[in-house]
Amino acid sequence: MSFSDEAGQLAGMAGAVLGWSPDRFWRATPAELRAVVTAMTGMAGMGGDPPSPDRLARLREMYPDG
């Protein structure tokens, strides 16, 4: 997968789950994005696997306002 493909997926996740605008996503550092995703998913120390579609759906239910 190319950088642009990966960045597009991460930007989509940040917008859908975190409510981030594209500008906020691109201003964030990789460490900031990882810290927020880790805090929201409890995935600390679990490697680089992104949340599954089921996990994202559960997060949307838990945090409906973004």
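A short tour of the structure in this document, coming up. (Residues numbered from 1 in each chain as written. Predicted model: local features only at pLDDT ≥ 70, side-chain atom pairs only at ≥ 80, totals over all residues. Heavy atoms only, no water.)

Some points on the overall build of the protein chain
Next, step 1: Regarding its fold elements, the protein chain presents four helices and zero strands.
Next, step 2: The order of α-helices and β-strands along the protein chain, N terminus first, is α-α-α-α.
Next, step 3: Residues classed as buried in the protein chain amount to 26% of the 66 residues present.
Next, step 4: In the protein chain, once contacts between residues fewer than 6 apart in sequence are set aside, the share between residues at least 24 apart is 22%.
Next, step 5: Summed over its atoms, the accessible surface of the protein chain is roughly 4,600 Å², and 58% of this surface lies on carbon and sulfur atoms. (Helix = DSSP H or I, 4+ residues; strand = E, 2+ residues; numbered from the N terminus. Buried < 20%, exposed > 50% of the residue type's maximum accessible area, 1.4 Å probe, protein only. Contact = heavy atoms within 4.5 Å. Areas by Shrake-Rupley, 256 points an atom, 1.4 Å probe, with all protein chains shown as cover.)

Details of the pattern of salt bridges
Next, step 1: By the definition in use, this model includes one salt bridge.
Next, step 2: A salt bridge links Asp23 to Arg27; the nearest nitrogen and oxygen atoms lie 2.9 Å apart. Highlighted residues: Asp23 and Arg27, both in helix H2 (residues 22–27), separated by four residues, approximately one helical turn.
Next, step 3: Under the relative-accessibility criterion, Asp23 is labelled partly exposed at 48%.
Next, step 4: Residue Arg27 is classed as exposed on the basis of its relative accessible area of 55%. (Salt bridge = Lys/Arg side-chain N within 4 Å of Asp/Glu carboxyl O.)

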